[in-house]
Structure formats: C-alpha cells, structure tokens
Amino acid sequence: HIVLVAGDEEYRSEEGLPMLGKILSQRHGFKCTVLFSVNADGIIDPDAGGSLSNPAALDSADAIVMLLRFRHWDDEANQRFEAAVNRGVPLIALRTSTHAFNGLKGPYEKWNFGNKGGFGKQVFGETWVSHWGRHKVEAMLGVIEPGAERHPILKGTDQIFADSDVYEAYPSADAKILLRGQVLKGMKPSDAPADYIKKRASDKLEQGVNSPMMAVAWTREVK
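Residues numbered from 1 in each chain as written. Predicted model: local features only at pLDDT ≥ 70, side-chain atom pairs only at ≥ 80, totals over all residues. Heavy atoms only, no water.

1. Focus: the sheet that holds strand β1 (residues 2-7)
The strand order across the open sheet built from 4 strands is β2-β1-β3-β4, with neighbouring strands paired in parallel fashion. A single partner strand is all that each edge strand has here, and the edge strands are β2 (32-35) and β4 (91-93). With strand direction ignored, the average angle separating the axes of adjacent strands in the sheet is 15°. In this structure, β1 lies alongside strand β3 (residues 63-68), joined through 6 bridges in parallel fashion. Bridging from a neighbouring strand, Leu-4 pairs with Val-65 of β3. Helix-sheet contacts for helix α1 (residues 13-28) involve β1, β2 and β3, and the interaxial angle to β1 is about 165°. (Pairing = 2+ DSSP bridges. Helix = DSSP H or I, 4+ residues; strand = E, 2+ residues; numbered from the N terminus. Axes fitted to C-alpha atoms, helices over the stretch in contact; angles between N-to-C directions. Contact = heavy atoms within 4.5 Å.)

Structure follows, in structure tokens:
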C-alpha cells in the first residue's frame, strides 16, 4: 500500500501525485491512496496547509511518497504520520519536502522548518537553504555521483533533466548522494554548464556554481 501525500502551493503535487499513483497501481500492481489538502467544502486546496484528507490511510502504508511544503496539520494527522515514520515506513520525499512543516504547535514544533531545520534536517538530512542557480532561467542536468552508478534507484535511467533550478543543499554525512545537479546556462538539456561565481546562503562564502555541484538526490537511513 503506497500512500502519496500532496500538499504544496507551487509544484502542483495535487496533479502530479495522482498521476504517479495511477501509474503505480495500473502498471505495477500497487494499492495506492492519495491524500490532499482540502478546504472546508472538501475541495482540494493547496493553500489549506492545516488539512490532510483521510490521515487514517497512513496506518496501513507500506511506503509514503510525499511532496509537502509548510504544512501544519492537526494532532491526529501528525500522530498517524509520526507512527508511520517510527515503524520504519520508507519515505520518498520530493522537492519541498525538505521543508514540509511550519507553524506546528505543541509536541510537533520540532518538525517546523524554522526549528533547526525541522523534519527535513532531522529525517532527510537537509532542509531548505536557498535556490541555487537562477530560478526559472537555468535548468538542471543530473550527474550521477561516482560510485552510485549501480544503485538500484538509478536502474534504467538515461539522461536526467529538470526544467527547474537546483537547491543549495548539504546532506548530512551519513547520507548517500546519488545525483548532483549541474546548473545549465539555459532551459534545454543541451545547454552548456553555467560557469559563474555564486555566494552560498549557508556561510556567505563564494564558489563556482558547479564547483562543486549541489546534491539533488540522496538516500539516508534513520532509526
């Protein structure tokens, strides 16, 4: 049972995750459930950051695919999500899931983005730092990390390209980096690598925008 959890205001997870769930269910035989942020009328609304439809589905999740940004669910949803994490359910966290929660109160304040990186830093090994490259101007070419060529997650991949920029990211030392993002000069995979100097948000030091390239995909095991 794969539970896909949508909830962001920018990257259209409420459209993309149902598509992914359809592929996983119809082509690969998984049972899939998609959860959404919904408003008071029960209509899908990415801006309803305090909402999670059908959190009980998390109780039987064998894997969770999440694309979240600054959610602030109620205690019931948080408890069910935390229980899934604590029983070791694999998490596949996309894009803004590094800063999945903000505005939580009480026992779940530890997950807030502003609380030392929150859930992203604690579980995934990194939180939101900054955009790296020029947003909506420079695309990304995925470069496989040396030694990760045979990793099963990368099996069957060819060229990896995204028409979005890279994030500044420094996964924790116990993470295994799979891909780095080469910032391009334009929005096509054939464009040359960017070659300018950029100041890091993390420590204000300067480096080449691709020297080194930022990590864009990694795995981490957390007990």
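2. Some words on the sheet that holds strand β12 (residues 214-219)
An order of β7-β6-β9-β12 is seen for the 4 strands of this open sheet, with the pairing classed as antiparallel. The open sheet has two free edges, formed respectively by β7 (161-162) and β12, since each of these has just one partner strand. In the sheet, strand β9 (residues 176-183) pairs with β12 via 5 bridges, with the strands oriented antiparallel. Note that in β12 the partner of Lys-176 across the bridge is Thr-219.

3. A closer look at α1
The set of residues buried in α1 consists of Ser-13, Glu-14, Leu-17, Gly-21 and Leu-24. End-on view of α1: buried residues confined to an arc of 95°, all on one side of the axis. Exposed positions of α1 whose direction lies more than 90 degrees from the buried face are Met-19, Lys-22, Gln-26 and Arg-27. Just beyond α1, the residue with positive phi is Gly-29, at close to 85°. (Buried < 20%, exposed > 50% of the residue type's maximum accessible area, 1.4 Å probe, protein only. Arc of directions from axis to C-beta.)

Don't take any of this as a statement about function, it's just geometry.
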